[in-house]
Amino acid sequence: MSEIPYKIYLAENEIPSKWYNVRADMKNKPAPLVNPGTGEPMKAEDLFPVFCEELCRQELDNETPYIDIPQEIQDFYKMYRPSPLVRAYCLEKYLDTPAHIYYKFEGNNTSGSHKLNSAIAQAYYAKQQGLKGVTTETGAGQWGTALSMACAYFGLDLQVFMVKVSYEQKPFRREVMRTYGAKVTPSPSMETNIGRAINEKYPGTTGSLGCAISEAVEAATSQEGYRYVLGSVLNQVLLHQSIIGLETKAALDKVGVKADMIIGCAGGGSNLGGLISPFVGQMLRGEADYEIIAVEPASCPSLTRGSYVYDFCDTGKVCPLAKMYTLGSGYIPAPNHAGGLRYHGMSPVISQLYDDKIISARSVKQTDVFEAAETFARVEGILPAPESSHAIRVAIDEALKCKESGEEKNIVFGLTGTGYFDLVAYQQYNDGTMEDYVPTDEEIAKSLAECPKF
Ligand SMILES: *Cc1c(COP(=O)(O)O)cnc(C)c1O
């Protein structure tokens, strides 16, 4: 077989024109979202006041395997896709491993991550519905940045509630969002009832993601012509992110390579779900087998140490309940946790696949993650996002195992983004002040005890 190039690109007309919905091939479907008031599964009409209508339909569609990507979204994708699948020759050489390592790089756009793949889709459907704008929350700012780019493209208004501590400490992300026309409000704010109540109850609080979600939902439902959008966890987001896996599979097929192992980092599960979907589809249909590993931080280990139960999606408890691997919606990762992936729960699709043992999971400590990030930056050139570096850590560990066993495994991992806005975390690592935090069983049990009894 001929030599595999460093970068395996698809041609523009080979970019997939349909998303793949892995739920269609799942025997055990992910559990439905449930109304916390009535205990009944949410129907599309129940979700319409909060989310765009077409997105509600996608959220609940467990049957349609392929969904057409509207032409306008395909056109936008062409501005930054296909993303390259890179053969990590330099890393293989550095590790002296017989393994073949490939990574799918999603950081080649201004938002610096895969989040743009779903942001553009959600903005498109909002525009189609004739809405004025959308609201959302952002923590570190990747999602808000991606959505601000998407809303600018379609001329939609965007209101972002940004966790106050990030708003103050990450002014650069904030300015990118404002450059794309978004209104960015530090949360908790004085603009919503929930924000005012939280500010009154906890004067001087620097906010949390859960609180920002509650504010964004209130802002969407209290303004005419607005809806709320979310950047991870939901089925619809995994659907849009399937573009990552479809391109990866097409590129591997093009050079005649079959992956043995597929590795992705898991926060809410959207990039992982998107990367693995077409491969999991093959497994579910009995066509192929892969070893799939979700990598999460040891400080926020929802898959490896959480419970598979119904829980609130947000700390403010305004969203529907989802059945997922969770640490409890009140779980707050340690303040010194710098590596992202802080969400307390996991996508219902990923949770079900994990419960059915179709995929496995591993947790890693943040100093080990940054060590891998540094190695990767030095030998492959790209400064990786801390989130992405969780996957790098496990890819390196697995490649080193191959060195011992002599196996020539094909290892594929998702490199979700770049780390230019995470330099405070890199600074802590470089200064030797970064600490590892692993919650005790008691801490997790205490937070899980607060899950709704259902
Ligand atoms: C948001 C983000 C993640 C984690 O989100 P998922 O929904 O789990 O994919 C991973 N990497 C980067 C670069 C991100 O911005």
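The preceding data block contains the structure.
Residues numbered from 1 in each chain as written. Predicted model: local features only at pLDDT ≥ 70, side-chain atom pairs only at ≥ 80, totals over all residues. Heavy atoms only, no water.

1. Some words on helix 11 (residues 235-254)
This is how the line gets drawn: Helix and strand labels come from DSSP, where a helix needs a run of H or I of at least four residues and a strand needs a run of E of at least two; each type is numbered from the N terminus. Under the convention used throughout, the expected extent of a helix is 1.5 Å for every residue step, that is, one less than its residue count. A residue's bend is the angle separating two fitted axes: one through the seven residues that end there, the other through the seven that start there. Whether a residue is buried, partly exposed or exposed follows from its accessible area with a 1.4 Å probe, protein chains only, as a fraction of its type maximum: under 20%, in between, or over 50%, in that order.
Here helix 11 is 20 residues long and its end C-alpha atoms lie 29 Å apart, about the 28 Å a rise of 1.5 Å per residue gives. Of all the bends in helix 11, the greatest measures close to 35° and is centred on Gln241. The buried count for helix 11 comes to 17 of 20 residues, which makes it a mostly enclosed element. Backbone geometry just after helix 11 places Gly256 at a positive phi near 70°.

2. Details of the site of the ligand
Quick reminder of the rule: In these notes, residues near a molecule or strand are those with any non-hydrogen atom within 4 Å of it. Counted as a polar contact is a pair of N or O atoms within 3.5 Å, where, for protein atoms, one must be capable of donating a hydrogen and the other of accepting one, and residues adjacent in sequence contribute only when both atoms are in side chains. Note on areas: Shrake-Rupley with a 1.4 Å probe; residue coverage comes only from the protein chains shown. Charged means Asp, Glu, Lys or Arg here, nonpolar means Ala, Val, Leu, Ile, Met, Phe, Trp, Tyr, Cys or Pro, and polar covers whatever is left, Gly included.
Near the ligand there are 17 residues, and of these Lys115, Ser232, Gly267, Ser270 and Thr416 occur at the shortest range. Within the contact set of the ligand, an oxygen atom lies 2.4 Å away from a side-chain nitrogen or oxygen of Ser232. Contacts to the ligand include Ser270, whose side-chain N or O atom sits 2.7 Å from an oxygen atom. Coverage of the ligand by the protein amounts to 94% of the 390 Å² it exposes when considered alone. When grouped by side-chain class, the residues that make up the shell around the ligand number four nonpolar, eleven polar and two charged.

3. A short note on empty space enclosed by the protein
Under the convention used in this document: Definitions used for this entry: grid spacing 1 Å over protein atoms alone; cavity, a set of points where a 1.4 Å probe fits but cannot get out; pocket, an open set with protein on both sides within 12 Å along at least 5 of 7 lines; lining residue, one with an atom within 4 Å of a point. Grid points are joined across faces, edges and corners, and a volume is the space filled by probe spheres set on the points.
One pass over the structure, following the stated rule, counts two cavities of 30 Å³ or more. Quantified by volume, the largest cavity comes out at close to 60 Å³. For the largest cavity, the full set of lining residues is Tyr20, Asn21, Val22, Arg23, Asn235, Leu238, Leu239, Ser277 and Val349. Computed from the structure, the second largest cavity encloses a volume of approximately 50 Å³. Lining the second largest cavity we find Pro297, Ala298, Ser299, Asn336, His337, Val364, Lys365, Gln366, Glu435, Asp436, Tyr437 and Val438. A breakdown of the residues in the lining of the second largest cavity according to their chemical character gives five nonpolar, four polar and three charged.

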